[in-house]
Amino acid sequence: MPTLNDIRSTFLTYFEKNGHAKVPSSPLVPRNDPTLMFANSGMVQFKNLFTGVETRDYTRATSAQKCVRAGGKHNDLDNVGYTARHHTFFEMLGNFSFGDYFKSDAIPFAWNLITKELDIPADKLVVTVYHDDDEAAEIWKKVAGFSDDRIIRIATDDNFWMMGPTGPCGPSSEIFFDHGDHIWGGPPGSPNEDGDRFVEIWNLVFMQYEQFEDGSRAPLPNKSIDTGMGLERVAALLQGTNDNYATDLIRSLIEASANATSTDPDGPGKTHHRVIADHLRSTSFLLADGVMPSNDGRGYVLRRIMRRAMRHAHLLGAKDPLMHQLVPALVSQMGAAYPELTRAQALITETLKLEETRFKQTLERGLRLLDDELTGLPEGAELPGDAAFKLYDTYGFPLDLTQDALREKGRSVDTDGFDAAMAAQKELARAGWSGSGETADAAIWFDIADQHGPTDFLGYDTETAEGQI
Ligand code: ATP
Ligand code: MG
Ligand code: MG
Ligand code: MG
């Protein structure tokens, strides 16, 4: 049974053999792109090659890219622990053509890799194409021998990719694996497509147009290819499961978490272990790439993920800080492929330990307050916004942590009330600024915070160049 590490090298070797330059993952913090919070797809580091702003000595590339999707348009944070196929941190394997080959090569490359190199049974696969992309549909028919019903035409944006409001864009084609009718879910385009039965494993983007400011499009002189395959999802199916968390690498982290807390990895704390294993990867990799926990921007996203994991550790009954104890397990699994992780091991360990030690002091009291609030509430009622705000302001509970805690109990937060409590506090703080001589700066800060939310204003909603591949 191939391991995650095996599959990563099979993929990269296959494309290297086919003339692609093997390019290392870029850091999670995108260089020269303040608009994007974290690298969230393989194409991010190649944006300037697609637009033609930059050329390099290769026109084909392959990479295994570290991705974090825990903010912005692609936010999978709330899926973790609930779906079998989403992580906040995952690896995206990709092959890229910068004005070199196009659809008629990209589809056979993908097909050969999947069915020959990885031996995935062809009869378990279905693909989607953009509804008017007859060219891609024809190639699929020819290459895979698929009948029309296995080439599903989708008319939504899911199958049309755009780099931003202007620039390269084009139709895409997604490859799905059917895990079988014992798992809930339906084929792409059907009402129950969000289940875990049909899992998207690979996304091919055919960049063939340039979009202009007035909304018109012209064919690109140099058509390009951008693809992304989810390593953990492919590992799952090759290891005979639909559950990414049952794959070798992630399972070993779950076991480390179970050992350190003397709990059953598959017992009542199962979800906690899954969240911890996932968040261990995203937090450790973010720390290794230089993000430090803080109260705004990227650092706050990191802190939110850490604190969420720490609440789950607490619920497992961990008396001592847990996350830092799991770092050796992660480094032994991923340090060879990502040496920066090994180099940063001491920093990761110390930071996790310090954060968890500090947060533990307020976590317990905050959770008690939350319980008290809930006991007084009628069945199904939302947690009042001012209570959620108190948890945020006094106990350091990010709003999403409170929401995560409530979700287990089938409840939600009155977010309008939370926003109102936040606005009221800001109003007070704003009043406090008058006469300080810094009013202009403060006003600008508050304006930005008003637009984007207090924790999000460092570019959360301003992502333009999304690697939605
Ligand atoms: P989905 O529809 O399942 O959320 P997506 O269309 O958002 O996936 P893409 O942006 O196309 O995903 O990313 C390319 C590939 O990366 C996907 O085909 C999938 O295999 C993988 N992938 C995307 N998001 C995640 C995630 N949160 N965790 C693990 N793998 C992911
Ligand atoms: Mg998605
Ligand atoms: Mg998708
Ligand atoms: Mg996709």
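As shown above, the structure is provided for reference.
Procedures and definitions
- Residues numbered from 1 in each chain as written.
- Chains lettered and ligands numbered in written order.
- Predicted model: local features only at pLDDT ≥ 70, side-chain atom pairs only at ≥ 80, totals over all residues.
- Heavy atoms only, no water.
- Donors = N, O, S within 2.8 Å, 3.2 Å for Na, K, Ca; no water.
- Buried < 20%, exposed > 50% of the residue type's maximum accessible area, 1.4 Å probe, protein only.
- Helix = DSSP H or I, 4+ residues; strand = E, 2+ residues; numbered from the N terminus.
- Expected span 1.5 Å × (residues − 1).
- Core = buried A, V, L, I, M, F, W, Y, C linked by side-chain atoms within 4.5 Å.
- Polar contact = N/O pair within 3.5 Å; in protein donor to acceptor, adjacent residues only side chain to side chain.
- Contact = heavy atoms within 4.5 Å.
- Salt bridge = Lys/Arg side-chain N within 4 Å of Asp/Glu carboxyl O.

Draft legend 1. Focus on the coordination of the magnesium ion (ligand 4). Donor atoms from the polypeptide that coordinate the magnesium ion (ligand 4) comprise Glu174 (OE), Glu200 (OE) and Asn203 (OD1), at 2.1 to 2.2 Å from the metal. Motif for the magnesium ion (ligand 4), donor spacing along one chain: E-x25-E-x2-N. Here the magnesium ion (ligand 3) and the magnesium ion (ligand 4) are spaced 3.2 Å from one another, each receiving a donor from Glu200. Judged by relative accessible area, which is 24%, Glu200 ranks as partly exposed.

Draft legend 2. Representation of helix 7 (residues 270-288). Given a rise of 1.5 Å per residue, 19 residues ought to cover 27 Å, and the 27 Å separating the end C-alpha atoms of helix 7 matches this to within 8%. With 17 of its 19 residues buried, helix 7 lies for the most part within the structure. In the stretch just after helix 7, Gly290 is the one whose phi turns positive, near 95°.

Draft legend 3. Seen up close, the nonpolar core. Of all hydrophobic cores here, the largest spans 107 residues; its most connected members are Trp140 and Trp202. Within the second largest apolar cluster, 16 residues are counted, among which are Phe46, Phe50, Ala61 and Met163.

Draft legend 4. Layout of the environment of Thr227. You can see Thr227 is positioned in strand 9 (residues 217-230). With relative accessibility at 1%, the residue Thr227 sits in the buried group. Placed 21 residues apart in sequence, Thr227 and Phe206 show a C-alpha to C-alpha distance of 8.7 Å. Side chain to side chain, Thr227 and Asn95 meet in a polar contact 2.7 Å long. In this structure the side chain of Thr227 is engaged in a polar contact, spanning 3.0 Å, whose partner is the side chain of Trp202.

Draft legend 5. Summary view of the side chain of Ser97. By the secondary structure assignment, Ser97 is in strand 3 (residues 89-97). Separated by 2.7 Å, the side chain of Ser97 and the backbone oxygen of Tyr101 make a polar contact. Apart from the residues within four sequence positions on either side, Ser97 is in contact with Phe50, Thr59, Lys223, Ser224 and Ile225.

Draft legend 6. Expanded view of the pattern of salt bridges. Under the counting rule described, the total for this entry stands at 22 salt bridges. Note that Asp78 and Arg308 form a salt bridge whose closest N and O atoms lie 3.3 Å from each other. A residue pair is termed long-range when its members are at least 10 positions apart, and Asp78 in the loop between strand 2 (60-68) and strand 3 and Arg308 in helix 8 (residues 297-315) qualify at 230 residues. Residue Asp78 is classed as partly exposed on the basis of its relative accessible area, which comes to 41%. A single salt-bridge network, built from bridges that share partners, covers Asp78, Arg304, Arg308, Arg311, Asp400, Asp404 and Glu408.

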